[in-house]
Amino acid sequence: MLDHPIVDVALGLILLYTVLSLFASVVKEWISTFLGLRAKNLEKGIQTLIGADYATKLYGHPLVSTLATEKKLPSYIGSGTFASALVDLLAHGEDDRSTAETENNVAQLIQNVSGDPVLRRALRALSSTGAQTVAELRTEIAAWFDDGMNRVSGWYRRQTQWIIFAIGAGVTLFANASTVHVARDLWEDDVLRYSLAQEAVSVASTTPIPDSAQATEALLASFPVGWEDEDPFGIREGVPDWSWWTLLAHLMGWVLTAAAVSLGAPFWFDLLGRVAKLRGTGKRPETAAG
């Protein structure tokens, strides 16, 4: 166990990043839902796999269309559902008619692909790996779809990474949460440092992450952040107001906080638990007693 002020300062900062990340994550989900980012990326991924024409047909298939809500495209389609809908489209075609031979013949299903040589080649490649029956082909298609969705997840993460950074910057400025000045206050104030370190250890032992608005708001209120009308930047006595050093320190502090928030609450919560294990019970400052 390490009972050192540096560990307590680190715990305090990590707890701050965790709290701000929770706020940012909630806002990110609101924006993603409003813009339909998951659904749009899913549609783009399916179009990449089977082409725009077959993607339109797939979204009109009952197995998929029933997943949509309020005239919005579904944001998730299971691999089994995708495979079953695609095989059914190939077996029945647009006239919804099929024969037993078509439904049970892999070669005939592939031959039914019209207007999209890319999809036909993909199905041939899947069948060449050992899919001799339609059931086996359906399994191969489901695995192919899962691989494609891994790429879609990457697209979504890259999109939301920029969104979460912008939100993190906004949350940081709104809360005036400068890493530089919070770290300074934690280092100079033994009582504040001890209380926040204790709070961090308590939060680290909580599962799952305390993501309710009341919990995060209460935690944020414990930190030396926020805007003061008389002294908005918390400028210390002897430092000229609006000096280049003061502005630079705040700018650096805001950028560091925004960058940290963009890493996400799960990252900081996991790190909080790891650092909390390094800390002993610690000695309570004498001024905190009573």
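Residues numbered from 1 in each chain as written. Predicted model: local features only at pLDDT ≥ 70, side-chain atom pairs only at ≥ 80, totals over all residues. Heavy atoms only, no water.

If you look at the biggest cluster of nonpolar residues, it comprises 36 residues, and the most contacted ones within it are L11, L15, L20, L186 and L272. Those elements that place two or more of their residues in this core are α1 (5–35), α9 (134–175), α10 (179–188), α11 (190–204), α13 (244–261) and α14 (265–276). Setting aside its immediate chain neighbours within four residues, L186 contacts V9, G12, L13, L192, R193 and L196. Judged by nonpolar contacts, the second largest core, of 35 residues, contains L86, L90, V106 and V152. (Core = buried A, V, L, I, M, F, W, Y, C linked by side-chain atoms within 4.5 Å. Buried < 20%, exposed > 50% of the residue type's maximum accessible area, 1.4 Å probe, protein only. Helix = DSSP H or I, 4+ residues; strand = E, 2+ residues; numbered from the N terminus. Contact = heavy atoms within 4.5 Å.)

A surface patch of nonpolar side chains, amounting to about 450 Å² of accessible area, comprises V180, W245, L248, M252 and L256. Considering every element that reaches the nonpolar patch, the biggest residue donor is α13, with four residues. Inspection of the secondary structure puts L248 in helix α13. (Patch = residues over 30% accessible without salt bridge, like charges linked within 9 Å, V, L, I, M, F, W, Y side chains within 5 Å. Areas by Shrake-Rupley, 256 points an atom, 1.4 Å probe, with all protein chains shown as cover. Salt bridge = Lys/Arg side-chain N within 4 Å of Asp/Glu carboxyl O.)

A separate point is the environment of G226. As for its placement among the helices and strands, G226 is situated in the loop between α12 (213–220) and α13. When the C-alpha atoms of G226 and F174 are compared, they prove to be 7.6 Å apart, with 52 residues separating the residues in sequence.

What follows deals with the pattern of salt bridges. What the rule picks out here adds up to five salt bridges. With a shortest N-O distance of 3.5 Å, D185 and R184 are connected by a salt bridge. D185 gets classed as buried once you look at its relative accessible area, which sits at 14%. Between R193 and D190 there is a salt bridge, with its nearest N and O atoms 2.8 Å apart. Separated by three residues within a single helix, R193 and D190 lie in helix α11, roughly one turn from each other.

What follows is about the environment of F82. Following the sequence through the fold, F82 ends up in helix α5 (residues 79–92). Discounting residues that sit within four places of it in the chain, F82 has contacts with I46, I50, L58, I77, I141 and F145.

It is worth spelling out the layout of surface pockets at this point. One number sums up the size of the largest pocket: a volume of about 290 Å³. If you go around the largest pocket, you meet 16 residues; those closest to its centre are T33, G36, A39, L73 and S75. Among the elements of the structure, α1 and α2 (37–50) are those that each provide at least two residues to the lining of the largest pocket. Sorting elements by how many residues they give to the lining of the largest pocket places α1 first, with five residues. A class-by-class count of the residues in the lining of the largest pocket yields seven nonpolar, five polar and four charged. (1 Å grid on protein atoms, 1.4 Å probe; cavity = no way out; pocket = protein on both sides within 12 Å on 5 of 7 lines; lining within 4 Å. Points joined across faces, edges and corners; volume = space filled by probe spheres on them. Nonpolar A, V, L, I, M, F, W, Y, C, P; charged D, E, K, R; others polar.)

It is worth spelling out the confidence of the model for the chain at this point. Looking at the chain as a whole, its pLDDT mean stands at 79, while 80% of the residues score no less than 70. In the model of the chain, helix α6 (residues 100–103) stands out as the element of lowest mean pLDDT, 48, in contrast to helix α4 (residues 62–65), which has the highest, 91. Scored below 50 in pLDDT, residues 235–240 makes eight contacts in the model with residues more than four places away or belonging to other chains. (pLDDT = per-residue confidence, 0-100.)

Aromatic ring pairs are defined here through the distance separating the ring centres and the angle between the ring planes. Scanning the model with the defined rule gives three aromatic pairs in all. Judged by centre distance (4.8 Å) and plane angle (50 degrees), the ring pair of Y17 and W268 falls under tilted. Highlighted residues: Y17 in helix α1 and W268 in helix α14, separated in sequence by 251 residues. Neither residue differs from the other here; Y17 and W268 are each classed as buried. Ring plane angle 20 degrees and centroid distance 4.3 Å describe the contact between F82 and F145, whose orientation is recorded as stacked. In this pair, F82 is assigned in helix α5 and F145 in helix α9, connecting sequence segments 63 residues apart. Overall, F82 belongs to the buried group, its relative accessible area being 0%. Since its relative accessible area comes to 1%, F145 is described here as buried. (Phe/Tyr/Trp six-rings, centres within 6.5 Å; stacked < 30°, edge-to-face > 60°.)

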